[in-house]
Amino acid sequence: MVLEAYADTILPGDKRWPGDRAVAGVSSDGGAVAAGALLALRSVEGGMAPALDPLADELEEHARAYAAETGIDLDPEVPAFVSLDFPDRIRLVQRLTDPTHPEREAWISLAMFSVIAFDAAAHSNTVEALAAGHVGLNIIGFRPPDSDGLWRFDTYSYGRQLAQPHPDTTASGSPA
C-alpha cells in the first residue's frame, strides 16, 4: 500500500474503488498503479524487489517525521504515507528526491519504475499490454503493431524526415 501510494504520487490515477486510500484519486485516468508500477518494481529484471520492504519501511519513517514536523494527525488505520493528503505526499517526495537528500537515488529509482510501468509497460509484453488495454500506453497513444506484428511508422515523429537513409540501407531498414 505504501509503494502504491508513492507510485500514485509520481503518476496519479483515479481511485480503483471508492474507499481506495493508496490511490489519492486526483486524476480521472489510470496512473502508475493501474499501469502496473508494483509489477515493474517486483520484476526480477528490475532488480528492485529485494529493496522494496526496506524502502517502504524507510518511507514510513519519513512520513511519520514529516507529519510530526508539520502537525499532521495520521490515521492509524493506514500506513503513515498513505494517510498523508496528496499535496503532503508531493511535498515529502520532493524532499526525498531533492539533490541534497542522501537517499535521493533510491527514491528516484522508485519514481522511475512508476514512469516506465506507465510509459512503456516494461514489466509486460508490449503486444499483450496493448491488447489488454494498458492504461499508460493508451493514454500516450502508443499504437499497436501492423497486422503482421511489426511496427511501422509512416509519418515522422518530428513531422518531417530528418536525414536521408544511408545508401547501403536494405529495404528492411537494416544497415548493409
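Being a predicted model, the structure only gives us computed values, none of them experimental.

(A) Structural context of the nonpolar core. Of all hydrophobic cores here, the largest spans 32 residues; its most connected members are Tyr6, Leu59, Phe81, Leu92 and Leu110. Those elements that place two or more of their residues in this core are α1 (2–10), α2 (32–35), α3 (37–42), α4 (52–70), α5 (80–83), α6 (86–96) and α7 (104–120). For this core, the element with the most residues is α4, which contributes 6 residues. Residues contacting Leu110, with those up to four places away along its chain left out, are Leu3, Tyr6, Leu41, Met48, Leu52 and Leu55.

(B) Inspection of the pattern of salt bridges at higher detail. Counted by the stated rule, this structure contains 8 salt bridges. Arg16 is the salt-bridge partner of Glu4, the closest N and O atoms lying 2.9 Å from each other. Remark: Arg16 occurs in the loop between α1 and α2 and Glu4 occurs in helix α1; sequence separation between them is 12 residues. We classify Glu4 as buried; its relative accessible area is 17%. A salt bridge links Glu60 to Arg64; the shortest N-O distance between them is 3.7 Å. Linking Glu60 with Arg64, this pair stays in helix α4, spanning 4 residues, or about one helical turn. Residue classification places Glu60 among the buried residues on the basis of a relative accessible area of 10%. Looking at Arg64, the relative accessible area reads 44%, which means it is partly exposed. Taken together, the shared-partner salt bridges connect Glu4, Arg16 and Asp20 into one network.

(C) Local environment of the packing of α1 against α6. Across the interface, α1 lies against α6 with an axial gap of 10 Å and an inter-helix angle of 85°. If you check the angle between α1 and α6, you find them roughly perpendicular. Where α1 abuts α6, its residues Ala5, Tyr6, Asp8, Thr9 and Ile10 lie against Phe86, Arg89, Ile90 and Val93. Its residues assigned to classes, the contact of α1 with α6 shows 6 nonpolar, 1 polar and 2 charged.

(D) Representation of the side chain of Asp88 within the structure. Tracing the backbone through its elements, the reader meets Asp88 in helix α6. At 2.7 Å, the side chain of Asp88 forms a polar contact with the side chain of Tyr66. When sequence neighbours within four positions are dropped, the list of residues in contact with Asp88 reads Tyr66 and Ile72.

(E) Up close: α7. In this model, α7 (17 residues) spans 23 Å end to end at C-alpha, consistent with the 24 Å of a helix rising 1.5 Å per residue. Within α7 the residues assigned to the buried category are Trp107, Leu110, Ala111, Phe113, Ser114, Ala117 and Phe118. Seen end-on, α7 carries its buried residues on one side only, within an arc spanning 145°. Summarising the contacts, the buried residues of α7 are in contact with α1, α2, α3, α4, α6 and α9 (135–139).

What counts and what doesn't
Residues numbered from 1 in each chain as written. Predicted model: local features only at pLDDT ≥ 70, side-chain atom pairs only at ≥ 80, totals over all residues. Heavy atoms only, no water. Core = buried A, V, L, I, M, F, W, Y, C linked by side-chain atoms within 4.5 Å. Buried < 20%, exposed > 50% of the residue type's maximum accessible area, 1.4 Å probe, protein only. Helix = DSSP H or I, 4+ residues; strand = E, 2+ residues; numbered from the N terminus. Contact = heavy atoms within 4.5 Å. Salt bridge = Lys/Arg side-chain N within 4 Å of Asp/Glu carboxyl O. Axes fitted to C-alpha atoms, helices over the stretch in contact; angles between N-to-C directions. Parallel < 35°, antiparallel > 145°, perpendicular 65-115°, else oblique. Nonpolar A, V, L, I, M, F, W, Y, C, P; charged D, E, K, R; others polar. Polar contact = N/O pair within 3.5 Å; in protein donor to acceptor, adjacent residues only side chain to side chain. Expected span 1.5 Å × (residues − 1). Arc of directions from axis to C-beta.

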